[in-house]
Amino acid sequence: MVDSGRFNSGREHMDDLTPAPLSAEEDVVAAVTESMASTPDVGTSTMFDLGQIDISWEADAATLWAFMTPSNRPNFSPAMLRDVRYWYVETKRLFDAGKLPVKYMVAGSRFPGVFNLGGDLELFAGCIERGDLPGLVDYGHACIDVVHRTWRNGDLPVISIALAQGDALGGGFEALLCFDVVIAERSARFGLPEMLFGLFPGMGAYSILARKLGRLAAERMILSGKVYTAQEMHDMGIIHTLVEDGDGEQAVRDYIAASLPHHAGHVGVFQAGRRVDPLEYEELKDIVENWAATALKLDLKDVRMMRRLASAQTRLHR
């Protein structure tokens, strides 16, 4: 994979059929020319230097890879939400300017055993203790901004792929549900455990699950708080491709290689699905504001449970 932050794609070896070896200066010029031909002209974009996401460009497959690299707990902190939003905004800007011919956007995580564990529980607990409704609403709006952009693929003619090489829980599962294609490794787990502390997932889970599985199945999943295996999610149709641990990235590349010759048709199918079952921002906004009001009704034991779960996430990082 090309590291697009630096775009180091220089040649290490000359082809055996080269008539004569190049000088050191000529070799450098050739390497730079080759690099310019295979990498986009992104100018001074800082997209490849974000603090919470490792982004790289794979030119041959027209694929933009984004791996979450949380600096603290593997959740959607305000910093993570900021960087994910910037990923979409900047990709759209570069695509529209003709500088980034992206066809696939892939999201994964570098955190061992975790895709994303969802909402910022420490932030939730603090807002609830202070009775800070605006703080909860603002955080929720930041979340649904990312959910809605992900659902719409950043308004780009791309195929979005989520790669789950670890657990996707709560808001992490909500985010994953928005992608066109979900590829998961067998040991990954999925679910909406918010009922453990008396809350419900308010950033898109009901809306998206109802569209994919129906309202009754969505309600059963949310109310149970159950954590599902990757096999169970595959059997439901939420996961499109299930592979053994360690095979996830290759499975993504295999999917891209197989679909690339028919990219436009695949994009059209997924766009048609979003047109048939549109997800409007106002729907997400109404639900998240209900979620924030509900959060303020939680009692002390529920807040203590949030803090315990947040502490467990912190221990994972350490």
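A few points on the structure.

## Quick notes on the sheet that holds strand E6 (residues 167-169)
Taken together, the 4 strands give an open sheet; going across it, the order is E4-E6-E8-E9, and neighbouring strands pair in mixed fashion. In this open sheet, the two edge strands, each paired with only one partner strand, are strand E4 (114-116) and strand E9 (227-229). With direction set aside, neighbouring strand axes in the sheet form an average angle of 25°. Pairing between E4 and E6: 2 bridges, direction parallel. Bridge assignment links Asn116 to a residue of E6, and that residue is Ala168.

## Let's talk about the pattern of salt bridges
Oppositely charged side chains may form a pair once their charged atoms are brought near each other. Applying the stated criterion across every chain, the model contains 21 salt bridges. Close ionic contact of Glu244 with Arg186 constitutes a salt bridge, the shortest N to O distance being 3.0 Å. Taken together, the residues Glu244 in the loop between strand E10 (241-243) and helix H9 (248-259) and Arg186 in the loop between strand E7 (181-185) and strand E8 (189-191) connect sequence positions 58 residues apart. Overall, the relative accessible area of 42% leaves Glu244 in the partly exposed class. The salt bridge partner of Glu219 is Arg215, with a shortest N-O separation of 4.0 Å.

## Notes on the nonpolar core
Grouped together as the largest cluster of nonpolar side chains are 78 residues, with contacts concentrated most on Ile55, Leu64, Trp87, Phe173, Leu176, Phe190 and Trp291. For Phe173, the residues in contact, after removing those within four places along its chain, are Ala168, Phe190, Gly191, Leu192, Met221, Met233 and Ile238. Within the second largest apolar cluster, 16 residues are counted, among which are Val106, Val243, Ala251 and Ile256.

## Some thoughts on the packing of helix H4 (residues 133-151) against helix H11 (residues 281-295)
When two helices pack together, their arrangement is given by the angle between their axes and by how far apart the axes lie. Two elements in contact, H4 and H11, have axes separated by 9 Å at closest approach and are oriented at 145°. In terms of crossing hand, the pair formed by H4 and H11 is right-handed. Across the interface between the two elements, Leu133, Leu136, Val137, Gly140, His141, Ile144, Asp145, Val147 and His148 of H4 pack against Tyr281, Leu284, Lys285, Val288, Glu289, Trp291, Ala292, Ala293 and Ala295 of H11. For the contact of H4 with H11, the residue count by class is 12 nonpolar, 3 polar and 3 charged.

## Regarding the sheet that holds strand E3 (residues 104-109)
Paired through backbone hydrogen bonds, the strands of a sheet run either parallel or antiparallel to each other. Strand order in the open sheet formed by 6 strands is E1-E2-E3-E5-E7-E10, with mixed pairing between adjacent strands. Only two strands of the sheet have a single partner each, and these edge strands are strand E1 (53-58) and E10. Here the strands of the sheet are splayed against their neighbours by 15° on average, with no regard to which way each runs. With 6 bridges connecting them, strand E2 (residues 63-68) and E3 associate as parallel partners. The residue bridging Leu64 from the neighbouring strand is Met105, located in E3. The sheet strands contacting H9 are E1, E2, E3, strand E5 (159-164), E7 and E10, and the helix crosses E5 at an angle near 160°. Those strands touched by helix H10 (residues 263-276) are E3, E5 and E7, and its axis lies near 80° from that of E5.

Procedures and definitions
- Residues numbered from 1 in each chain as written.
- Predicted model: local features only at pLDDT ≥ 70, side-chain atom pairs only at ≥ 80, totals over all residues.
- Heavy atoms only, no water.
- Pairing = 2+ DSSP bridges.
- Helix = DSSP H or I, 4+ residues; strand = E, 2+ residues; numbered from the N terminus.
- Axes fitted to C-alpha atoms, helices over the stretch in contact; angles between N-to-C directions.
- Salt bridge = Lys/Arg side-chain N within 4 Å of Asp/Glu carboxyl O.
- Buried < 20%, exposed > 50% of the residue type's maximum accessible area, 1.4 Å probe, protein only.
- Core = buried A, V, L, I, M, F, W, Y, C linked by side-chain atoms within 4.5 Å.
- Contact = heavy atoms within 4.5 Å.
- Left-handed = near helix turned anticlockwise from the far one by under 90°.
- Nonpolar A, V, L, I, M, F, W, Y, C, P; charged D, E, K, R; others polar.

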